[in-house]
Amino acid sequence: VSRVAVVVDRFGAGMTGGAEKLAREVSLRLAGNGHALTVLTTCAEDYVSWANVLPPGESQDGPLRVLRFPTARPRDLQRWEEAMQPILSGRWDAEDEDRVLHEAGPDAPGLLEHLRDHGGEYAAVILFTLLYLPTVAGLPLVWDRAILVPTLHDEIAAHLLSHARAIRLARTVMWNTPEERALAERLYDVDGLRGVVAGVGVEPPADVQPDRGRAHFGLERPYLLYAGRIDPDKGCGEMIGHFLAWAERDPRADLVLCGRAWMRIPEHPRIHHLGVVSSQQLWHVQSAALATVVPSRLESLSMLALESLACGVPILVPTGSPVLQGHVRRSSAGLVYGDAVQFATAAALLLDRPRTAAALGRNGRAYVAANFTWERIVGLYEQAVAQVARTAELRRRRSAERRAC
Amino acid sequence: MGKVDAELTGVAAPEGDLDLLQAEVGRDASPARTRDEVASRAGPRHSPAAETAQILPYPRPGTAAAGARTVTMPARRLVRRALRWYLWPVTSRMTTHNHAVDGVLTEQARQLARISMELERTEHDLELLDLRGP
């Protein structure tokens, strides 16, 4: 049993965001294995403003001790955009980096003070999400016991050298995919970055029933599914465009969208927007789909793809996303499209050959079962904690000996 | 708990031939985004030389004294325009050279920042190695 700290920008049962969910799941499971878990986080609920909503101080979330620190100020989007200008223009220096990191936030000085003053009391500190200030500024304070979960994808904000420093200083890194590690190696100009490819556990509930999803939402025809934030930045505009082009020529399938819309969804009799759907219902709807479309190119893992594969449903992914193409290559459970014609060909192929689609689905199930079980993931976290704890303990003992001398 | 596989594994014996299926759909109709190799790497990219890299064949606006400017302006303009044709090729070569130097300085600054980061990490690694002893 060891004391382990988890650093994450936001924390709570209802938090959206893949990294935040992963942080909670890992924390709960490590606590379940007997570790004394302390979560160090902010009082913020949303990642746009970082406004202090939740009460500061100590609270309990099941077996987890949660310490919340207030952010010094909410994010000023105009100042942040101004700070990003040198980065976007491709010409910036160290001062620009510092400014953009502080403007991006969340700027929680108390959290950093806690790491500086009490970081040594933890056997391991697991820091989630590379891009935010608590990780970039906090990791160097606890470098000898730091386990980093970067959840990195190829965006301009990842180009700061401060991020490279955090990745290099961490004692070990928990990558989501080999493609994420390859991206970091290219971006940060290093070969052979340390760490392991962990990912996240994906385990569908036992009672997933495709018919229940169909019946509940009145979905009688075959459909392609997308679930998540419906946003042009996620590639949804392109996906809907491809679907509409296909729908003009082939009347056999619909498009079902689950999630909150951040863009106008065209009125079309074959596009069904179900809105925000409960987790349980989503499993039902997902398991009944002909295929799941994962249109976003900026992914470090893609829960949507993995949940779909876990249900035995093939995935359709765009070219230009190494992570998604990696899933397709390793699983043999999906098809890659580069344009509207290929999108239509892939969808029609799955409709025309149900046995092939079913075979792809079985491949997907096998892929998820081999790699994305909590048993494997938590096993990797346990190994990482044990590894850094040994080193940190050695360093603590040696420091004590030196002080005694 | 025993040793856990630290990498993702592919499906050992997948059903169907994905390559054949993918060939039917088509391959890489739109290529993946590519970026310039250096520009796609992280780190600060700025050198003060960029501010003075451009050389013009005439004084920058506002460099002459105000009084002198009004009196000599027509003559100055005449000389400047006449000379410009001869000076442009020279100054544009100087500008090109300066931009090249700026590029080198910028990349060197980035590399120095990177090396400094690697030094910090190596010092930490050595400290931990020292702890473990021989």
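Residues numbered from 1 in each chain as written. Chains lettered and ligands numbered in written order. Predicted model: local features only at pLDDT ≥ 70, side-chain atom pairs only at ≥ 80, totals over all residues. Heavy atoms only, no water.

(A) Representation of the environment of B:T91. All names here are of chain B. For T91, the position within the fold is in helix 2 (residues 66–132). Taking the C-alpha atoms as reference points, T91 and E123, separated by 32 residues in sequence, lie 47 Å from one another. Residues within four places of T91 in sequence aside, it is in contact with I55, L56 and P57. Of the polar contacts made by the side chain of T91, one reaches the backbone oxygen of W88; its length is 3.1 Å. (Helix = DSSP H or I, 4+ residues; strand = E, 2+ residues; numbered from the N terminus. Contact = heavy atoms within 4.5 Å. Polar contact = N/O pair within 3.5 Å; in protein donor to acceptor, adjacent residues only side chain to side chain.)

(B) Molecular detail of the packing of aromatic side chains. All names here are of chain A. Overall, the coordinates contain 4 aromatic pairs over all chains when judged by the stated rule. Residues W50 and Y132 carry aromatic rings whose centres are separated by 5.0 Å and whose planes lie at 90° to one another, so their mutual orientation is edge-to-face. With W50 in the loop between strand 2 (36–42) and strand 3 (57–61) and Y132 in the loop between strand 5 (124–128) and helix 5 (133–138), the pair connects residues that are 82 residues apart, well separated along the chain. Here W50 falls in the buried class, since its relative accessible area comes to 1%. Ring geometry for Y337 and F343: centres 5.1 Å apart, planes at 90°, overall edge-to-face. Take Y337 and F343: they sit in the same class, and that class is buried. Across from the ring centre of W80, 5.0 Å away, lies the NZ or CZ of R75, which sits over that ring. Over the ring of W262 we find R229, and its NZ or CZ is 5.8 Å from the ring centre. (Phe/Tyr/Trp six-rings, centres within 6.5 Å; stacked < 30°, edge-to-face > 60°. Buried < 20%, exposed > 50% of the residue type's maximum accessible area, 1.4 Å probe, protein only. Lys NZ or Arg CZ within 6 Å of the ring centre and 35° of its normal.)

(C) Looking closely at helix 11 (residues 303–310) of chain A. Residue and element names in this part refer to chain A. With 7 of its 8 residues buried, helix 11 lies for the most part within the structure. Turning to helix 11, its buried residues are L304, A305, L306, E307, S308, L309 and A310. Structurally, helix 11 contributes buried residues whose contacts are with strand 9 (223–227), helix 10 (279–287), strand 12 (291–293), strand 13 (315–318), helix 12 (322–331) and helix 14 (354–371). G312 sits one or two positions beyond helix 11 and adopts a positive phi of about 80°.

(D) Structural view of the interface of chain A and chain B. In this assembly, 68 residues from chain A lie in contact with 53 residues from chain B. Around 5400 Å² of area is buried between chain A and chain B when both sides are counted, 53% of it from carbon and sulfur atoms. Among the residues of chain A in contact with chain B, A:R91, A:L161 and A:D189 are the three that bury the most area, contributing 12% of the side total. Counting across the chain A and chain B interface gives 11 salt bridges. A salt bridge links A:D189 to B:R110; its shortest N-O distance comes to 3.3 Å. Between chain A and chain B we count 17 residue pairs in polar contact (both at pLDDT 80 or more) in total. (Buried area = accessible area lost by both parts, 1.4 Å probe. Salt bridge = Lys/Arg side-chain N within 4 Å of Asp/Glu carboxyl O.)

All quantities given are derived from atomic positions and should not be read as evidence of function.
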